[in-house]
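Okay, here's what each chain looks like letter by letter:
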Amino acid sequence: MAKLLILKKRKDFVRAAKGLKVVTPSLILQAAQSLCVPDDCCRFGFTATKKLGKAHIRNRTKRRMRAAVRDVFYDNALSGTDYVLIGRYKTATVDFMALKSDLLYALSKINKMITEKKEPHSDEADLHPTD
RNA sequence: AAAGGCGGUCGGAUAGCUGCACGGCGGAAAGGAAAAUCCGUUUGUGAGGAAAGUCCGGGCUUCAAGAGGACAAAACACCAGAUAACGUCUGGCUGGAGCAAUCCAAGGGAAAGUGCCACAGAAAAAUACCGCCGGAAACCAUUUCCGGUAAGGCUGAAAAGGCGAGGUAAGAGCUCACCGCGAGGUUGGUAACAAUCUCGGCAAGGUAAACCCUGUUUGAAGCAAGACCAAGUUAGGGGUUUUCACGUGCGUUUACGCAAACGGAAUAGAUGGGGCGUUCUCUCCCCUCUCCAGAGGUAGGUCGCGAUGAGCCUUUCAGCAAUGGAAGGCCAAGAUGAAUAGCUAUCCCCCUUUUUAGGGGACAGAACCCGGCUUAUAGACUGCCUUUUUAG
RNA sequence: GCGCUCGUGGCGGAAUUGGUAGACGCGUAACGUUGAGGUCGUUAUGGGCUAAGCCCGUGAAAGUUCGAGUCUUUUCGAGCGCA
């Protein structure tokens, strides 16, 4: 895929939160099928809650997640998918290479889950992932 | 040199690679043109002293309102000045802390009125329990009654100026010296106030960060203010198709036909299709051609919004200072799920370690803009002042 | 952006107008009852020093007052409302 778009609407975040989820020490990744996006795009959203700290810590968390995504999304993200990254306490302080490897692991795992879901059933059958 | 006090400046630096936002420049398609959109470009710029808390004051915007005044509510309160304004700042006064430099203070009114002052104590704001003194009566070791007194008394945070002398039946500012207090005058000062002189003899406690009184200030709300554009929905209108159930017309006829007859209807009716109610049947409900488009203004967008502002820097003048005037120079973030990041190298600072080396670099992120206040803050540099010690 | 409320033992929650702080309930511990446990009853229970006793304690720091849980200011935390 060629393009990276940023999620902006609350609706999209809520839909991603209802989808699949992978947790790593430095971040949480959620994903769901996009509804109205061109084929060669995938969309990313970034969340940093008030629990993490004050404003400058939340800003740094989002910036680091954005930088990591920019490095890896081209080879590892599926097109037509919405991803949401949620920051954790460690995200702002952990080594950048570790953050990147966590992101790669989470992406590969969640992509595997998505393709497995797609193959056996039709798309409308599994709105509620049960694991 | 040590200890201390009051300020001021800064808030890691440089280079490279990969990326972000806005502006500039160039190009693309479309278009009358512009705006907007997309692509490229290293061409420019890119968080703070508090951006924070939202505690005050303004600009700006909308609403309200004759000018103005009053009530209510809130805030403030020694004096003078600065300022657009302020509850801010500067200088001074008074009181307090400190050897000092210096620092701290919501610092008007209790003689306008109301309330409160637990426990203790005779008594908490008005009085006489004990005591002291005098007189009278009873009775004769003392008791009772009347009067004077505020010297002494336990208590308490606080008990009718302090201390000494005179004075007295005992006492008392009753009188006197000193100190304190109050009133008036003089001098100095713009004033708060200070110094000094004369007089009064002492008025009857605290609390106003209890109500309150006096004086001053305040119209309300906030950029999600507000202005503009504007899907969908939709008043209304046009066109096409269908419908003969309705009115009129025509034909035949008394019930049908005619929409290449007209009007009206489209939320009248019929037929068909779809949706919903688990399944089937029935009933019921909703939807079912297209174009234009008023008003309103929703979703959404644009502006407000940053290169003109109580702006910044330098020099100079006035002033003790806050600050003000003049001259010269400069233009410096503008996002909206919200731009500054990631990595590498060198230098700087701190910690650990025998070296190599390793770890760390505070508080903290603009959101319409300014002036303050408050709070958080590793460390670095620097100016002035005070005290003590040593040397000359 | 504007505005409001609340912080008291381990927990919930009292404290009249400023006057001895921890009422009341839950919990915890010990003892009694029981073969054992529950229920029930009694006692104790904030922190420090061993007991009497003293000191410190109402989110934190200052102030007013003779005296603050209460009044005032600043600050920290939690929650709520409106646009």
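Student: So what exactly am I meant to see when it comes to the overall build of chain A here?
Tutor: The secondary structure content of chain A amounts to 3 helices and 5 strands. Starting at the N terminus, the α and β elements of chain A follow one another as β-α-β-β-β-α-β-α. Evaluated residue by residue, chain A yields a buried proportion of 39% over its 131 residues. A total of about 8,200 Å² of accessible surface is found on chain A, and carbon and sulfur atoms cover 54% of it.

Student: Would you mind showing me how to read the side chain of N111 here?
Tutor: Note that N111 resides in helix 3 (residues 96-118). We classify N111 as buried; its relative accessible area is 10%. Residue contacts for N111: discarding those within four places in its chain leaves N76, A77, L78 and Y83.

Student: Whenever I open this one, the nonpolar core confuses me. Can you help?
Tutor: A general tendency of soluble globular proteins is for nonpolar side chains to be buried together. Counting residues in each nonpolar core, the largest one holds 23 residues, and the members touching the most others are L29, F44, V69, Y83, L85, L103 and I110. Within the residue set of this core, elements represented by two or more residues are strand 2 (20-23), strand 3 (27-33), strand 4 (41-47), helix 2 (55-76), strand 5 (81-87) and helix 3. Among the elements that line this core, the one with the most residues is helix 3, at 7 residues. Apart from the residues lying within four places of it in its own chain, the contact partners of L29 are L20, K21, V22, Y83, V84, L85, A106, L107 and I110. Ranked by size, the runner-up nonpolar core spans 5 residues in total, among them L7, A16, V84 and I86.

Student: When you look at the environment of K117 in this model, what are you seeing that I'm missing?
Tutor: Structurally, K117 is set in helix 3. A relative accessible area of 26% places K117 in the partly exposed class. For the pair formed by K117 and V22, sequence separation is 95 residues and the distance between their alpha carbons is 15 Å.

Student: It is not clear to me how the confidence of the model for chain A should be interpreted in this structure. Could you clarify?
Tutor: Regions with low pLDDT should not have their predicted coordinates read in detail. Looking at chain A as a whole, the pLDDT averages 72, with 76% of positions reaching at least 70. Mean pLDDT values for the elements of chain A range from 66 in strand 1 (residues 3-6) up to 84 in strand 2. Of the regions scoring below 50 in pLDDT, residues 121-131 engages in 8 contacts with residues more than four places distant in sequence or in other chains. This complex was scored by the predictor with a pTM of 0.73 and an ipTM of 0.74.

Student: What's the story with the pairing of strand 5 in this structure? I'm lost.
Tutor: Along any regular strand the residues' side chains alternate between the sheet's two faces. Counting buried positions over the 7 residues of strand 5 gives 7, a clear majority of the element. Alternating positions in strand 5 separate into two faces, T81, Y83, L85 and G87 on one and D82, V84 and I86 on the other, with burial throughout.

Student: What is the right way to look at the packing of aromatic side chains in this model?
Tutor: Applying the stated criterion to the full structure yields 1 aromatic pair. Centroid distance F44 to Y83: 4.9 Å. Interplanar angle 20°. Geometry classified as stacked. You can see F44 sitting in strand 4 and its partner Y83 sitting in strand 5, a full 39 residues away along the chain. Taken as a pair, F44 and Y83 share a single burial class, namely buried.

Basis of the calculations
- Residues numbered from 1 in each chain as written.
- Chains lettered and ligands numbered in written order.
- Predicted model: local features only at pLDDT ≥ 70, side-chain atom pairs only at ≥ 80, totals over all residues.
- Heavy atoms only, no water.
- Helix = DSSP H or I, 4+ residues; strand = E, 2+ residues; numbered from the N terminus.
- Buried < 20%, exposed > 50% of the residue type's maximum accessible area, 1.4 Å probe, protein only.
- Areas by Shrake-Rupley, 256 points an atom, 1.4 Å probe, with all protein chains shown as cover.
- Contact = heavy atoms within 4.5 Å.
- Core = buried A, V, L, I, M, F, W, Y, C linked by side-chain atoms within 4.5 Å.
- pLDDT = per-residue confidence, 0-100.
- Phe/Tyr/Trp six-rings, centres within 6.5 Å; stacked < 30°, edge-to-face > 60°.

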